[in-house]
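Coordinates in review
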Amino acid sequence: MGVHLANRWKSRIHLTAGTNDTCLIFTVEDPSGDMNLLPTFYPEDPFKLRAVPPRDVLQATTKAFLQQAIERCDVNHEECKLNRNACFLPTRLIDVREENVVRLVAGSTIISSGGDSSSSAWKYAALSYCWGPKSHAEYQLKTTVDNLDAHFTEIPMDTMPPLLQDAIYTTRELGVPFLWIDSLCIIQGDKQDWDREAGTMHKVYGSAYITICPTQSKSCKSGFLRRDPPSISLPYRSSSGKPVGTYNIRYHRSWIWKMYFYVSGHPFSQDLISGSWIRRGWTFQEAALSSRMVLFGAAAAHFQCQRSRVTEGESFETPVEISELALFPLLPNTLAEDNLDSAWKHIVSSYSQRKFTQSEDAIVALAGLARRFHSFQGTDEYCSGMWLSHLHEQLLWRSAEYEGSPWASWTQLLDPQMPEKVRVFAPSWSWIHQKKVEYQYLKDSLFPRRPDDSSSNSQEEHSGMSTAAFPGLTGETLGLVWRLPDNDNTAAGHFIQWRGQELEITGLTARFPLANADRPLHIDNSAEVNTNLFWKWTISNQYFCHTNWDFLNFGYWDRADKGDFQRLRMLLLSSGSGERPDAPTPGSATADNNNSEAMGVGACTLILPTHPPAEISSGGEESQKAEQNDRAAFGLFLFPAGGESEDGKFYRVGTWYSLSEGKGGLANFKRYATAETLVLI
Ligand SMILES: [Zn+2]
């Protein structure tokens, strides 16, 4: 049987035999030949019989499947209990124990009745869902100051949107007495309550007995307990030509996530990728913080905990790994210290792609996750979405998408009002202003894996992440002070309030050398210039650095007033070893670049060095000098905030790096640099 779909990617179809409720999944080859863009780890099961998803999402067998999965986790998984705080209950919960009446109950009331979270009397479920577009969100039933007291008596079920009703029913069916839903358990419109409750998100989701995730519901108006997947029926004939039943054919979408993560045809991936839940900003940390989740999808129900996940109708468990962060954030309970920096960068990359109705919500919706990290990191400080101990690397973010960038253009950059406009909710050096933030260029292009790393596998590479030890950059600043605004006097303060934070950095700075008439810089007219990624600059035909601006710079050079560049500062943040033992040969570097462009990775792979690393000689000043000569330098581009009369305050407008090849690098930068103290706002 041949089936052709006019679809860019490989497609899958479910064929369902009507009588025995099974369906055959197979892969349709894409005749356009675009498949070669796809990573090689392709679905494990091109032919497989699957049961037709039941219309009733919470039928008896599903309930039994979930209860068994939860019990197995309870009995066997110690790691799934670590974040469930035995002494914690949310401020308010919805009591669902009575069949016909639901009402709010104070966590303190439950606590005073005795017991602890190990007893069934303290169990609560948490809901992670999309409120939906504004018009739907208005339909949402909320607890406000006005109806708070009434909700402690009764929350009228008939005023609840379908999704909330389904969540209450599910909680009850799973034998859980209480449920936490943000719209009802936080007083909406009360900033004080909201700030306080937002500060406990990591505990609310971390301590929940289970988190309920309706992956297909676009808004509170769409319930999730009835399935009606679109399909068409085709007659099925036996080999003798006699009609014996029908096939249901259902299109199953495949997708490229983040351009380089291929989502398999497994129902778990399909259910995530085809729904809205995985794309929304708020659900990111709700999933990451949850000890365990039940996910209701179009194809099946799934259970996921810290150790594994299992899909309804399947007998095997799939181990959960941190490498899945790009698609689905799930944090292990503890992270080894040397993984914290790279894990946080993955979180930033993934999170900055999520959608928010209000962009400033992105700060609060990450605060719970930041607090969880803070508990891993001990005394480290959370500075506008980055960690103080790793600012020399984490400040080097770049954006892969300029739409919505606060600067947008060079002209806007020079607008004297711009620093204040940008700093409405976060300092200019925070990545929160940008979409699709990444650090990929630091790792993949400049510092590939070390040769002794044996943990490499194809899945990691294709998901764009690595659990390998990252060589890391060395901080080169001479002093760094992180300052909070005077009005930051609450404990929750800097986790949910980034406005007004400043960095006072003492370090080596250089005027952008364009200003030096005797050392003219020009844009290298080579292939890598015609992108918006990295520009290569040379002085007297000798390489100086690459730059990456925070604004859309394509074609601006001809229109720009070159004098403006004289006011730019280059601030040195860090240096890195040029050790790249697996550097490609010149031929393969070009090939890699072609691939990388297709996968959305920066064009900087073009300038990968092509000679083996310098021999490190034994001790002494000479070897130190040689070592410094071979170090790459990394830093920020800054622009004075005070206009012509500089007052020491600067805002971020881009990043730069300089490799030691062609006499660039740390040693060369130092020839232009002097020590200076700048305040980044
Ligand atoms: Zn578990």
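Sequence order as written defines the numbering, with residues in each chain counted from 1. Local features in a predicted model are, by the rule used here, given only for residues with pLDDT of at least 70; side-chain atom pairs are given and counted only at 80 or more, and totals for whole chains, interfaces and linings are based on all residues.

Here we look at the overall build of the protein chain
Here a strand is any run of E in DSSP of at least two residues, a helix any run of H or I of at least four, and the numbering for each starts at the N terminus. Secondary structure summary: the protein chain contains 22 helices and 30 strands in total. A total of 681 residues make up the protein chain; the buried ones form 41% of that total. Around each residue's C-beta, the other C-beta atoms within 10 Å are counted; 20 or more make the residue buried, 12 or fewer make it exposed, and counts in between make it partly exposed. All C-beta atoms are placed from the backbone.

Considerations on helix H1 (residues 60-76)
A helix's residues, less one, multiplied by 1.5 Å, set its expected span. With 17 residues, H1 should reach 24 Å at 1.5 Å per residue; the first-to-last C-alpha distance of 24 Å fits that figure. Within H1, burial applies to Thr-62, Phe-65, Leu-66, Ala-69, Ile-70 and Cys-73. Down the axis of H1, the buried set is contained in an arc of 125 degrees. They therefore lie on one face. In H1, those exposed residues whose orientation departs by more than 90 degrees from the buried face are Ala-60, Ala-64, Gln-68, Glu-71, Val-75 and Asn-76. A pair of residues counts as a contact when their C-beta atoms, built from backbone coordinates, are separated by no more than 7 Å. In the core, the buried residues of H1 are packed alongside strand S8 (210-214), strand S13 (292-296), strand S14 (301-305) and strand S15 (308-311). Here the arc refers to the set of directions running from the helix axis out to each C-beta atom.

Quick word on unusual backbone geometry
The phi torsion at Ser-384 lies on the positive side, around 50 degrees, for a residue other than glycine. In this structure, Ser-384 sits in the loop between strand S17 (382-383) and strand S18 (386-387). The buried category is assigned to Ser-384, around which 24 C-beta atoms lie within 10 Å.

Here's the deal with the nonpolar core
The nonpolar core is taken to be a set of buried Ala, Val, Leu, Ile, Met, Phe, Trp, Tyr and Cys residues joined by way of C-beta atoms within 7 Å. Grouped together as the largest cluster of nonpolar side chains are 133 residues, with contacts concentrated most on Ile-94, Tyr-124, Leu-179, Trp-180, Val-294 and Leu-638. Looking at this core, the element that brings in the most residues is strand S28 (residues 631-640), giving seven residues. The residues touching Leu-179, leaving out its near neighbours within four places in the chain, are Leu-93, Ile-94, Val-96, Tyr-124, Ala-125, Leu-127, Ala-167, Ile-168 and Thr-171.

Focus: the sheet that holds S13
With mixed pairing, nine strands are arranged side by side in an open sheet as S5-S4-S7-S6-S8-S13-S14-S15-S16. Strand pairing shows two members of the sheet lacking a second neighbour, strand S5 (103-106) and strand S16 (318-319), which therefore form its edges. One bridge is not enough; two strands pair if DSSP finds at least two bridges between them. Of the pairings in the sheet, the one linking S13 to S14 comprises five bridges and is antiparallel in character. The residue bridging Met-293 from the neighbouring strand is Gln-304, located in S14. Its contacts with the sheet place H1 against S8, S13, S14 and S15, and it is angled at close to 10 degrees to S14. Axis angles are defined between N-to-C directions and span 0 to 180 degrees, where every axis is a line fitted to C-alpha atoms and, for a helix, only to the segment in contact.

Re the pairing of strand S29 (residues 649-658)
For S29, the tally of buried residues reaches nine of 10 residues, placing the bulk of the element in the interior. Across four bridges, strand S26 (residues 542-549) lies against S29 in antiparallel orientation. The residue bridging His-546 from the neighbouring strand is Tyr-657, located in S29. Here S28 runs beside S29; their pairing, made up of eight bridges, is antiparallel. Each residue of the ladder has a partner; that of Phe-634, found in S29, is Tyr-657. Examined bridge by bridge, S29 and strand S30 (residues 674-680) share two bridges and lie parallel to one another.

Looking at the packing of helix H10 (residues 282-289) against helix H13 (residues 367-377)
Interaxial distance between H10 and H13 falls to 8 Å at its minimum, and their mutual angle equals 35 degrees. Side by side, H10 and H13 meet where Gln-285, Ala-288 and Leu-289 of the first sit next to Gly-368, Leu-369 and Arg-372 of the second. Of the residues contributing to the contact of H10 with H13, the split by class is three nonpolar, two polar and one charged. Only Asp, Glu, Lys and Arg are considered charged in this grouping, and only Ala, Val, Leu, Ile, Met, Phe, Trp, Tyr, Cys and Pro are considered nonpolar; every other residue, Gly among them, is considered polar.

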